[in-house]
Amino acid sequence: MEWGDMDPPNSSTAGWSDTCFGVFNASEGHNTAQNSITSPWFSTAFGLIGLCSNLFALCVLLTSSRKLSSRARSSFLIFLCGLVVTDFMGLLVTASVIIPYHFFKFAWAKVDPGCHLCNFLGFSMVFFGQCPLLLGATMAGERFFGINHPFSRSTSISKRRAWSIVGLVWGFSCLLGLLPVLGLGRYTLQYPGSWCFITLLPNTGDVIFCLLFAFLGIFSVLLSFIFNTVSVVTLCRVYHDRESVQRRRDSEVEMMVQLVGIMVIATICWMPLLIFIVQTVLQQLPASGQAQMLPLETQKLLLIYIRMVTWNQILDPWVYILFRRAVLQRVYPSLRPRPSIFSLYPILNPSLRRKLTPD
């Protein structure tokens, strides 16, 4: 079945405006299917590379977590694990729908007349897209309080509480993704007809949901930037303090390097899409509010920005894989742990040394 067969009689979209097929012009999508940005190899290559990267990172995380005794570091690894699992499942779920379409070219209108598959794919795009941003802000907040207010908490976050926080982030993102299913906004088919996402049209519900999704993502990125900047400044002051040699801050620096890397990647990959959504929706507000079809150029730009977002899920795991002390010390042998209190005071008796030396 060709994409042209999906068009309603006389190429009218009047009967489709209230469904998930009313925003996308199927005939245009079919006629431009050979365009390079719609090549099926983009989705296939991105999906395979991302799945392998996240699976490898998950194995490294599980191996590292078994060797740790620091609660602060173990809770940070749990957040990282939640991020990697989210990225892995996001690529797996979306690729399982998008890649088969590219190779089989099935007709959405006949395979999914009730828009259930489209709603599921749109929900997945929102859920697995918003989760990494919220987890990044959560990790930045946890490190901010751990570094700047180390004595405000009697103990570090336990593993159980860390997993509970990850679960809360997943639950909140799930509620956000369900809003169009509950009536606020819509998930509609997008160019070139292989995926579904939020609807960038001037309808009231669509505008509210688009702005909610975009501003929540922008707020998460900005919050991460503020927390991480303050934490980095604090660590720099500690390391320039003459008494800092008595503190074993190497682990905290390692966590901050990884966290800053995650923030930079999220900013580069996500901010163009989020700003584009806000601009597109606000520019259309003077319109009459009736259901319209997105311009083809807007659909193409949306696809390009979504491709950029995909790189976030691919690059996130490599931040942890590459920016670890074990790896950095192999690349730069001059990087060594800072001197401990025992190298400064060798006269400490052996019994006291055993008490103060961490396991």
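Residues numbered from 1 in each chain as written. Predicted model: local features only at pLDDT ≥ 70, side-chain atom pairs only at ≥ 80, totals over all residues. Heavy atoms only, no water.

- The protein appears in an unreviewed UniProt entry as Thromboxane A2 receptor from Rostratula benghalensis.
- Entered under Subcellular location (unreviewed entry) in the UniProt record, the comment concerning the protein runs "Cell membrane". (UniProt positions renumbered as here; feature names shortened; annotations may be inferred.)

### Details of the overall build of the protein
Here is step 1: For the protein, the helix and strand inventory stands at twelve helices and two strands.
Here is step 2: The linear arrangement of helices and strands in the protein, starting from the amino end, is α-α-α-α-α-α-β-β-α-α-α-α-α-α.
Here is step 3: Within the protein, buried positions represent 50% of all 359 residues.
Here is step 4: Of all intrachain contacts in the protein linking residues separated by at least 6 positions in sequence, the fraction that spans at least 24 positions is 80%. (Helix = DSSP H or I, 4+ residues; strand = E, 2+ residues; numbered from the N terminus. Buried < 20%, exposed > 50% of the residue type's maximum accessible area, 1.4 Å probe, protein only. Contact = heavy atoms within 4.5 Å.)

### Things to note about a nonpolar patch on the surface
Here is step 1: Taken together, the side chains of Phe-56, Val-257, Trp-318, Leu-322 and Phe-323 make up a nonpolar region of the molecular surface, amounting to roughly 430 Å² of accessible area.
Here is step 2: Taking relative accessible area as the criterion, Phe-56 reaches 44% and is therefore assigned partly exposed. (Patch = residues over 30% accessible without salt bridge, like charges linked within 9 Å, V, L, I, M, F, W, Y side chains within 5 Å. Areas by Shrake-Rupley, 256 points an atom, 1.4 Å probe, with all protein chains shown as cover. Salt bridge = Lys/Arg side-chain N within 4 Å of Asp/Glu carboxyl O.)

### A look at the pattern of salt bridges
Here is step 1: Under the definition given, this model contains two salt bridges.
Here is step 2: A salt bridge links Arg-143 to Glu-142; the nearest nitrogen and oxygen atoms lie 3.0 Å apart. A single burial state applies to Arg-143 and to Glu-142, both of which are buried.
Here is step 3: Note that Asp-206 is salt-bridged to Arg-186, the shortest N-O span being 3.0 Å. A residue pair is termed long-range when its members are at least 10 positions apart, and Asp-206 in helix H7 (residues 204-240) and Arg-186 in the loop between helix H6 (159-182) and strand S1 (187-190) qualify at 20 residues.
Here is step 4: Look at Asp-206 and you get buried, because its relative accessible area is 3%.

### What about the confidence of the model for the protein?
Here is step 1: Across the protein, the average pLDDT comes to 78, with 71% of residues at or above 70.
Here is step 2: In the model of the protein, helix H11 (residues 341-344) stands out as the element of lowest mean pLDDT, 39, in contrast to H6, which has the highest, 93.
Here is step 3: The low-confidence segment residues 242-248 (pLDDT under 50) makes 14 contacts with residues lying over four places distant or belonging to another chain. (pLDDT = per-residue confidence, 0-100.)

### Topic: the packing of aromatic side chains
Here is step 1: Counted according to the given criterion, the structure contains eleven aromatic pairs.
Here is step 2: Pairing Phe-127 with Phe-128 gives two aromatic rings, centres 4.8 Å apart and planes at 80°, and the pair type is edge-to-face.
Here is step 3: For Phe-127, a relative accessible area of 12% corresponds to the buried category.
Here is step 4: By the ring-pair criterion, three or more aromatic residues cluster together here, those being Trp-195, Phe-197, Phe-213 and Trp-270. (Phe/Tyr/Trp six-rings, centres within 6.5 Å; stacked < 30°, edge-to-face > 60°.)

### Here we look at the pairing of S1
Here is step 1: Here S1 pairs with strand S2 (residues 195-198) via four bridges, running antiparallel. Looking at the pairing, Tyr-187 lines up with Ile-198 of S2. (Pairing = 2+ DSSP bridges.)

### Looking at the state of the cysteines
Here is step 1: What the rule picks out here adds up to one disulfide.
Here is step 2: Put simply, Cys-118 and Cys-196 are joined by a disulfide, and their sulfur atoms are 2.0 Å apart. Taking the torsion about the S-S bond as the criterion, the Cys-118 to Cys-196 disulfide, at about -115°, is left-handed. Of this pair, Cys-118 sits in helix H5 (residues 116-148) while Cys-196 sits in strand S2; the two residues are 78 residues apart in sequence, bridging distant segments of the chain.
Here is step 3: Look at Cys-196 and you get buried, because its relative accessible area is 0%.
Here is step 4: Cys-131 carries a free sulfur, and the closest cysteine sulfur to it, the one in Cys-174, is 8.8 Å from it.
Here is step 5: Residue class for Cys-131 comes out buried when judged on its relative accessible area of 0%. (Disulfide = S-S within 2.5 Å.)

### Observations concerning the packing of H5 against H6
Here is step 1: Contact geometry for H5 and H6: axes closest at 8 Å, N-to-C directions at 145°. Considering the relative orientation of H5 and H6, their crossing is right-handed. Residues Phe-123, Val-126, Phe-127, Gln-130, Cys-131, Leu-134, Leu-135 and Thr-138 of H5 touch H6, and the partners they reach there are Ile-165, Val-166, Val-169, Trp-170, Phe-172, Ser-173, Cys-174, Leu-176, Gly-177 and Leu-178.
Here is step 2: When the residues that make up the contact of H5 with H6 are grouped by side-chain class, the tally is 14 nonpolar, four polar and no charged. (Axes fitted to C-alpha atoms, helices over the stretch in contact; angles between N-to-C directions. Left-handed = near helix turned anticlockwise from the far one by under 90°. Nonpolar A, V, L, I, M, F, W, Y, C, P; charged D, E, K, R; others polar.)

### Overview of H5
Here is step 1: Here H5 spans 47 Å end to end across 33 residues, near enough to the 48 Å set by a 1.5 Å rise per residue.
Here is step 2: Counting buried positions over the 33 residues of H5 gives 26, a clear majority of the element. (Expected span 1.5 Å × (residues − 1).)

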